[in-house]
Amino acid sequence: MSEVKISVATRTEFGKGAARRIRREDKVPGVLYGHGSDPIHLTLPGHALLLALRTPNVLIALDIDGKTNELAIPKSVQRDPLKGFLEHVDLQLVQRGETVTVEIPVQAEGELAPGGNLLEHVLNALPVEAEATHIPESVSVSVEGLEAGASVLAKDIELPKGVKLAVEEDAVVLQVLAAQAEEAPEGEEAAEEEAAEA
C-alpha cells in the first residue's frame, strides 16, 4: 500500500466564507478526527490531495504545521457535483499496527458465459478489516464462464493475508443476470403496422 506525504496547515476560520477563500487558493478544507481526540481542522493542498485520492484508502502521512506527523486515511470526500473539484475531506487518524474497517473496490476479471448476460455489482466495494498500513487497494474476482443465475459471495473472494471480511460471509457481491430481449409494447406494434399499410 502506498503512503503519500502531504504538508498541511491547521485552520482557525470556519464557515462557508472561509471555506470559499480556502478553495480559491486551490486548497481544500478538511477535518482530522479519531482516537477520542478533538477534531483538528486543516487546510490541505488541493492538487496533492487530488493525486493522493486516486488510490482508494490511501495512507496519508500528514505533516501538520511542520510540527507534528500523523497518519490518516480518507473517510469522506465531498466533491462539487458539476465540476468535480474537491470541496471537503474528512480524514481518520490511524496508527501503525491498528486494525481499521474500510471498503475496498471489487474488480471482476474474465468473460461471462456466452449469451449476452450482464454482471451486476451488488456491492461495489467490499467491507474488510485490515491493518492501517496494509490496506489492499482492491480485490480481484474471476467471473470466467459464469452463467445467468450465478453469484459470487463475500466468502468466495480470496483476500490478502491479514485481511478479514467485515460483512456477512453469505453476502452477494456479484451476480450474473440473464440478458433480456427487448419487446415492443403491443400497442406500438399495431400502430407500426397501421402506419406501414397507410
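Below is a short write-up of the structure. Note that the coordinates shown come from a computational prediction; the quantities given were computed from them, not determined experimentally. (Residues numbered from 1 in each chain as written. Predicted model: local features only at pLDDT ≥ 70, side-chain atom pairs only at ≥ 80, totals over all residues. Heavy atoms only, no water.)

## Overview of the pairing of strand β2 (residues 27-34)
- Most of β2 sits inside the fold, with six of its eight residues counted as buried.
- When β2 meets strand β3 (residues 37-45), the two strands line up antiparallel, connected through seven bridges. When the bridges of β3 are listed, Pro-29 appears paired with Thr-43.
- Once β2 ends, the chain turns through two residues before running back antiparallel as β3, passing His-35 with a positive phi of about 55 degrees.
- Pairing of β2 with strand β6 (residues 86-94), which is carried by four bridges, proceeds in the parallel orientation. Of the residues in β6, the one forming a bridge with Val-31 is Asp-90. (Buried < 20%, exposed > 50% of the residue type's maximum accessible area, 1.4 Å probe, protein only. Helix = DSSP H or I, 4+ residues; strand = E, 2+ residues; numbered from the N terminus. Pairing = 2+ DSSP bridges.)

## Considering the pattern of salt bridges
- Per the counting criterion, the structure on display carries one salt bridge.
- Where Lys-155 meets Asp-170, a salt bridge forms, and the shortest distance between an N and an O atom there is 3.2 Å. You can see Lys-155 sitting in the loop between β11 (151-153) and β12 (164-165) and its partner Asp-170 sitting in the loop between β12 and β13 (172-177), a full 15 residues away along the chain. (Salt bridge = Lys/Arg side-chain N within 4 Å of Asp/Glu carboxyl O.)

## Section: unusual backbone geometry
- Backbone geometry at Asp-26 places phi at a positive 60 degrees, although glycine is not the residue there.
- With respect to the secondary-structure elements, Asp-26 resides in the loop between α1 (16-24) and β2.
- In this model, Asp-65 sits at a positive phi of 55 degrees, which is unusual for a non-glycine residue.
- Tracing the sequence through the fold places Asp-65 in the loop between β4 (59-64) and β5 (68-79).

## Focus on the environment of Ile-6
- For Ile-6, the position within the fold is in strand β1 (residues 3-10).
- C-alpha separation for the pair Ile-6 and Ile-64, spaced 58 residues apart in sequence, amounts to 8.7 Å.

## Topic: the sheet that holds β11
- The antiparallel open sheet is built from three strands, whose spatial order is β8-β13-β11. Either end of the sheet is taken by a strand with one partner, and the two such strands are β8 (118-121) and β11. For this sheet, the mean inter-axis angle between neighbouring strands, taken without regard to orientation, is 15 degrees.
- Sheet topology places β11 next to β13; three bridges connect them, and they run antiparallel. (Axes fitted to C-alpha atoms, helices over the stretch in contact; angles between N-to-C directions.)

## What to know about the pairing of strand β7 (residues 99-109)
- Note: β7 against strand β9 (residues 125-131), seven bridges, orientation antiparallel. Directly across from Val-100, in β9, lies its bridge partner Ala-130.
- Two strands pair when backbone bridges link them, and β7 and strand β10 (residues 139-142) are joined in this way by four bridges, in the parallel orientation. Its bridge partner lying in β10, Glu-109 is registered against Ser-142.

## Side note on the sheet that holds β10
- The mixed open sheet is built from four strands, whose spatial order is β10-β7-β9-β12. Lying at the two open borders of the sheet, with one neighbouring strand each, are β10 and β12.

## Observations regarding the side chain of Arg-11
- Considering the arrangement of structural elements, one finds Arg-11 in the loop between β1 and α1.
- Buried within the structure, Arg-11 lacks any salt-bridge partner; its nearest side chain of opposite charge belongs to Asp-90, at an N-O separation of 7.3 Å.
- In terms of polar contacts, Arg-11 uses its side chain to reach the backbone carbonyl oxygen of Leu-42, at 2.8 Å.
- In this view, Arg-11 contacts Ile-22, Pro-29, Gly-30, Val-31, His-41, Leu-42, Thr-43 and His-88; residues no more than four positions away in its chain are not counted. (Lys, Arg positive; Asp, Glu negative; His and termini not counted. Polar contact = N/O pair within 3.5 Å; in protein donor to acceptor, adjacent residues only side chain to side chain. Contact = heavy atoms within 4.5 Å.)

Keep in mind these values describe shape, not function.
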